[in-house]
Amino acid sequence: MSVPETVREVRLARRPQGRPVAADLVVVETPAPERAAGQVLLRNRWFLLFAGLATLLGETPPGAPWPSIAPGDTLFGPAVGEVVDAPAGSGLHPGDLVVHFRGWREYAVAEPSELTPLEKELDDPAAHLAPGAVGYGVLTRIAPVRPGDTVLVTGAAGGVGTLVGQTARLLGAGTVIGTTGSPAKAGRLRELGYDAVLVDERTGDGAARAERFARQLAEAAPGGIDLLVDNVGGHQAEAALAAARPGARAALVGVLSGQLGDTPAAHPPLRLDAFQLIVKGVQLTGSGGAGQAEAEAGWRPRFGRWLREGRITFPHVRVVGLERAPQAFQEMTEGRHFGTVLVELPAE
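- An unreviewed UniProt entry annotates the protein chain as NADP-dependent oxidoreductase originating from Kitasatospora phosalacinea.

Spelled out as structure tokens, the structure:
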């Protein structure tokens, strides 16, 4: 495979003022990367757009696993790449497909230790970018789902949410409830098997919106919830924890209310009734990166088998062409897509 002299990548043009928009990003041409001794040269085929990137485009909060992206820096994220050239003894050969973290560019170089060869559990290579391992790790390791549980998934129409609700059902949940900000998406979530969907539209002031959401939750789960998988934070998480049954478990996965809200904040506050959490014995856990490799290893074979058996679907959107990535990222932050959003770079 010949490598062109110049290649394209997406860089941060300016710090976002509020929610990121396409104009905050720019596609640039740059000399093709050269493989140093011991490195692998890759041509990217697909990469993932993920909400957490919005936080990295501003001032990264303390404790974040990645540094802030400064204007002029190339964006990054999960990608599937094709090996163009690899050092002898690396176990990699031209044409092999690998998962890595240098998306948002046509070509990349990486150390062999940064690459994960694709296994054969999934028929579609792009499905390796499905963020289902996040929810799988929660449901099997962090806050295990129990038979008959009432499970609430906030932010259910995103990449994580569309998969974690289906996974919870397959692992034995009795009732699965989701939240979204769109009536149209609510219908699609019901098609995925959600028993009820709470629509949290951005109308009214904060207090009215929180009260409206709490009423919906009380109607959908009059007996309370056993397990919360929270991708949103804010008043949705607060209402969910208030509705927790004794012995309930809660996993905090994301803060979409801050990352993708009207006035994004990197770490919005979460008000908790500590006394109620204590007397009910509610287990509240943050879903960090520890154990993610084990979750990935357990998720992929099950995901592949469930897909082949028709027991799970992978809701996703494929946007073709690197030049469309900035607009696609804006659309994702605006909630205009359902499920996982991938950018596909056509084969040459």
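1. Examining the overall build of the protein chain
Argument step 1. Scanning the protein chain for helices and strands turns up ten helices and 15 strands.
Argument step 2. Its C-alpha atoms give the protein chain a radius of gyration of 21 Å, within 12% of the compact-globule value 20 Å for 348 residues.
Argument step 3. Structurally, the protein chain occupies a C-alpha span of about 60 × 45 × 35 Å along its principal axes.
Argument step 4. Accessible area of the protein chain: about 15200 Å², with a carbon and sulfur share of 52%.

2. Points about the packing of aromatic side chains
Argument step 1. A full pass over the atoms with the stated rule returns seven aromatic pairs.
Argument step 2. Aromatic pair Phe 47 and Trp 104: ring centres 5.2 Å apart, planes at 40 degrees, arrangement tilted. Placement of the pair is Phe 47 in strand 3 (residues 40-49) and Trp 104 in the loop between strand 5 (97-100) and strand 6 (107-110), with a sequence separation of 57 residues.
Argument step 3. For Phe 47, a relative accessible area of 0% gives the class buried.

3. Points about the pairing of strand 3
Argument step 1. The buried fraction of strand 3 amounts to ten of the ten residues, a majority that puts the element mostly inside the structure.
Argument step 2. Direction of pairing for strand 3 relative to strand 6: antiparallel, over a ladder of four bridges. Looking across to strand 6, one finds that Leu 42 is bridged to Ala 108.
Argument step 3. When strand 3 meets strand 4 (residues 79-85), the two strands line up antiparallel, connected through six bridges.

4. Points about the sheet that holds strand 8 (residues 150-153)
Through backbone hydrogen bonds, the strands of a sheet pair up, either in parallel or in antiparallel fashion.
Argument step 1. On the basis of which strands lie adjacent, the open sheet formed by six strands has the order 10-9-8-11-12-13 and parallel pairing. Edge positions in the open sheet fall to strand 10 (196-199) and strand 13 (283-286), since each of these has one partner strand only. Strand-to-strand twist of the sheet, defined as the mean angle between neighbouring strand axes without regard to direction, takes the value 15 degrees.
Argument step 2. Both strand 8 and strand 11 (residues 225-230) contribute to a ladder of three bridges, which runs parallel. In the strand pairing of strand 11, Val 153 is matched with Val 229.
Argument step 3. Contacts from helix 4 (residues 183-191) reach strand 9 (175-180) and strand 10, with the element oriented near 165 degrees to strand 10.
Argument step 4. Relative to strand 11, helix 6 (residues 234-242) is tilted by about 160 degrees, and along the sheet it contacts strand 8, strand 9, strand 11, strand 12 (244-252) and strand 13.

5. Details of the packing of helix 3 (residues 159-170) against helix 9 (residues 292-309)
Argument step 1. It is the contact of helix 3 with helix 9, at a shortest axis distance of 13 Å, that shows an interaxial angle of 85 degrees. Considering the angle they form, helix 3 stands roughly perpendicular to helix 9. Contact with helix 3, carried on its side by Leu 163, Thr 167 and Leu 170, involves Trp 299, Phe 303 and Trp 306 of helix 9 and no other residues of that element.
Argument step 2. Of the residues in the contact of helix 3 with helix 9, the class split is five nonpolar, one polar and no charged.

6. Re the nonpolar core
Argument step 1. Membership of the largest hydrophobic core comes to 42 residues, with the highest contact counts inside it found for Phe 47, Leu 49, Trp 104, Phe 303 and Phe 329.
Argument step 2. Looking at this core, the elements that each hand over two or more residues are strand 1 (6-12), strand 3, helix 1 (53-56), strand 4, helix 2 (132-142), helix 9, helix 10 (325-333) and strand 15 (340-344).
Argument step 3. Leu 49 has contacts with Trp 104, Ala 325, Ala 328, Phe 329, Met 332, Val 341 and Val 343, leaving out every residue within four places of it along the chain.
Argument step 4. Ala 157, Leu 189, Ala 251 and Phe 338 belong to the second-largest nonpolar core, a separate cluster that totals 23 residues.

7. A short note on the environment of Gly 95
Argument step 1. Tracing the backbone through its elements, the reader meets Gly 95 in the loop between strand 4 and strand 5.
Argument step 2. Gly 95 gets classed as partly exposed once you look at its relative accessible area, which sits at 40%.
Argument step 3. Along the primary structure Gly 95 and Leu 42 are separated by 53 residues, whereas in three dimensions their C-alpha atoms are 9.4 Å apart.
Argument step 4. In this structure, Gly 95 is in contact with Glu 82 and Val 83, ignoring residues within four places of it in sequence.

8. What to know about the pairing of strand 14 (residues 316-320)
The side chains of a regular strand alternate between the sheet's two faces.
Argument step 1. Summarising the sheet, strand 14 and strand 15 pair through five bridges and their orientation is parallel. Note on strand 15: the bridge partner recorded for Arg 318 is Leu 342.
Argument step 2. In this region the chain leaves strand 14, passes through helix 10 and returns to the parallel neighbour strand 15; the handedness of that crossover is right-handed.

Criteria and cut-off values
Residues numbered from 1 in each chain as written. Predicted model: local features only at pLDDT ≥ 70, side-chain atom pairs only at ≥ 80, totals over all residues. Heavy atoms only, no water. Helix = DSSP H or I, 4+ residues; strand = E, 2+ residues; numbered from the N terminus. Rg over C-alpha atoms; globule rule 2.2 N^0.38 Å. Areas by Shrake-Rupley, 256 points an atom, 1.4 Å probe, with all protein chains shown as cover. Phe/Tyr/Trp six-rings, centres within 6.5 Å; stacked < 30°, edge-to-face > 60°. Buried < 20%, exposed > 50% of the residue type's maximum accessible area, 1.4 Å probe, protein only. Pairing = 2+ DSSP bridges. Axes fitted to C-alpha atoms, helices over the stretch in contact; angles between N-to-C directions. Contact = heavy atoms within 4.5 Å. Parallel < 35°, antiparallel > 145°, perpendicular 65-115°, else oblique. Nonpolar A, V, L, I, M, F, W, Y, C, P; charged D, E, K, R; others polar. Core = buried A, V, L, I, M, F, W, Y, C linked by side-chain atoms within 4.5 Å. Right-handed = clockwise from strand over helix to strand, strands pointing away.

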